[in-house]
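Listed below are the residues making up each chain.
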Amino acid sequence: MVADALNTPRLVADEDSSKRRQILDGARKVFMELGFDAASMNEIARSAGVSKGTLYVYFADKNRLFEAILEDEALEQGKVAFNFDPLRDPETTLREFGRAYMALLCRPGGGSWIRTVMAIAERMPDVGRRYYANVLDKLIDHLADYLRAHVAPGDLAIDDCRLAAAQFMEVCKASLFLPFVFQAAPAPSAERIGEVIDSATRMFLAAYRAKQA
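Reading the values: the criteria
Residues numbered from 1 in each chain as written. Predicted model: local features only at pLDDT ≥ 70, side-chain atom pairs only at ≥ 80, totals over all residues. Heavy atoms only, no water. Helix = DSSP H or I, 4+ residues; strand = E, 2+ residues; numbered from the N terminus. Buried < 20%, exposed > 50% of the residue type's maximum accessible area, 1.4 Å probe, protein only. Contact = heavy atoms within 4.5 Å. Areas by Shrake-Rupley, 256 points an atom, 1.4 Å probe, with all protein chains shown as cover. 1 Å grid on protein atoms, 1.4 Å probe; cavity = no way out; pocket = protein on both sides within 12 Å on 5 of 7 lines; lining within 4 Å. Points joined across faces, edges and corners; volume = space filled by probe spheres on them. Nonpolar A, V, L, I, M, F, W, Y, C, P; charged D, E, K, R; others polar. Axes fitted to C-alpha atoms, helices over the stretch in contact; angles between N-to-C directions. Left-handed = near helix turned anticlockwise from the far one by under 90°. Expected span 1.5 Å × (residues − 1). Polar contact = N/O pair within 3.5 Å; in protein donor to acceptor, adjacent residues only side chain to side chain. Core = buried A, V, L, I, M, F, W, Y, C linked by side-chain atoms within 4.5 Å. Parallel < 35°, antiparallel > 145°, perpendicular 65-115°, else oblique.

## A word on the overall build of the protein chain
Scanning the protein chain from N- to C-terminus turns up 10 helices and zero strands. Listed by position from the N terminus, the elements making up the protein chain come as α-α-α-α-α-α-α-α-α-α. With 213 residues in all, the protein chain has 40% of them scored as buried. Contacts in the protein chain between residues far apart in sequence, at least 24 positions, make up 71% of those at least 6 positions apart. Here the protein chain has roughly 12000 Å² of accessible surface; of this, 55% comes from carbon and sulfur atoms.

Right under this line is the structure:
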């Protein structure tokens, strides 16, 4: 009896987490298919396979539900391992990071979230700010920290490492991201991503590699 009592809170918590995940998965499909404005709580409840009453137990409104999905998206992106070991050489690190970064941005469904956030950011600026801070800003900081580790020993000559990190990430997107996010072209192939990242890396190092005496 004691064991059953101890296990009951865990079972309830597991069921609660599973139901929340079920709702988020259903809502994700609706938002991706219809966009934020056209999505309704009724449609989300149907997609998630729950009653509307159950939906409101977990989320007060559509705005909070959408924010929860963005928080979930940020956590998933945070799980992608970028190797910023300061002992690795800049050329190898930048090439590998660029490829992984663009594969993440241009993955199936990735463009839908960015389009949706951009569409509502003016009306819901807090949502846009949190998404930027939790996903893009943190990544810029990580890359900037890596670059600083190579400025000190004289491998790179960079005055503003955060600016340089943002520059590299933007150059990586050239000819890949905008056509994809605006649905003017399908997701780029790994080969095409590699070509663009190789070019971006050469440009970056031509500008910031320390000149040898």
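Here the narrative resumes, following the displayed structure.
## Points about empty space enclosed by the protein
Per the stated rule, a full pass over the model turns up one cavity of 30 Å³ or more. In this model, the largest cavity occupies a volume close to 60 Å³. In terms of lining residues, the largest cavity is bounded by E67, L70, E71, A74, V127, R130, Y131 and N134. For the lining of the largest cavity, the secondary structure elements donating two or more residues are helix 4 (62-78) and helix 7 (125-151). Looking at side-chain class alone, the lining of the largest cavity contains four nonpolar, one polar and three charged residues.

## Looking at unusual backbone geometry
For residues that are not glycine, phi is negative in most cases, and the peptide bond is trans in most cases. The residue S175 is not glycine, and still its phi comes out positive at about 70°. By the element assignment, S175 lies in the loop between helix 8 (161-173) and helix 9 (177-181). Judged by its relative accessible area of 49%, S175 is partly exposed. Residues other than glycine seldom take positive phi values, yet Q183 does so here, at roughly 60°. Examined against the element boundaries, Q183 turns out to sit in the loop between helix 9 and helix 10 (190-208).

## Remarks on the packing of helix 7 against helix 8
Interaxial distance between helix 7 and helix 8 falls to 8 Å at its minimum, and their mutual angle equals 120°. The interaxial crossing formed by helix 7 with helix 8 has right-handed handedness. Counted together, D137, L139, I140, D141, L143, A144, L147, R148 and V151 of helix 7 and C161, R162, A164, A165, A166, F168 and M169 of helix 8 form the full contact between these two elements.

## A short note on helix 8
In this model, helix 8 (13 residues) spans 19 Å end to end at C-alpha, consistent with the 18 Å of a helix rising 1.5 Å per residue. Buried residues in helix 8 make contact with helix 5 (90-105), helix 7, helix 9 and helix 10. Among the residues of helix 8, the N-terminal cap falls to D160, whose side-chain oxygen and the backbone nitrogen of R162 are separated by 3.2 Å. Of the residues one or two after helix 8, S175 is the one with positive phi, at around 70°.

## Some remarks on helix 10
Its 19 residues give helix 10 an end-to-end C-alpha distance of 26 Å, which sits within 8% of 27 Å, the value for a rise of 1.5 Å per residue. Each element contacted by the buried residues of helix 10 is listed here: helix 5, helix 7 and helix 8.

## Points about the nonpolar core
Grouped together as the largest cluster of nonpolar side chains are 62 residues, with contacts concentrated most on F31, L65, M102, L143 and L147. Among the elements that make up this core, the one with the highest residue count is helix 7 (nine residues). Not counting the four nearest positions on each side in its chain, L143 is found in contact with F84, L94, F97, A165, F168 and M169.

## Structural notes on the packing of helix 5 against helix 10
Interaxial distance between helix 5 and helix 10 falls to 9 Å at its minimum, and their mutual angle equals 140°. What the angle tells us is that helix 5 and helix 10 run oblique. Handedness of the crossing formed by helix 5 with helix 10: right-handed. In contact with P90, E91, L94, R95, G98, R99, M102 and A103 of helix 5, helix 10 contributes I193, G194, I197, D198, T201, R202, F204 and L205. Partitioning the contact of helix 5 with helix 10 into residue classes produces eight nonpolar, three polar and five charged.

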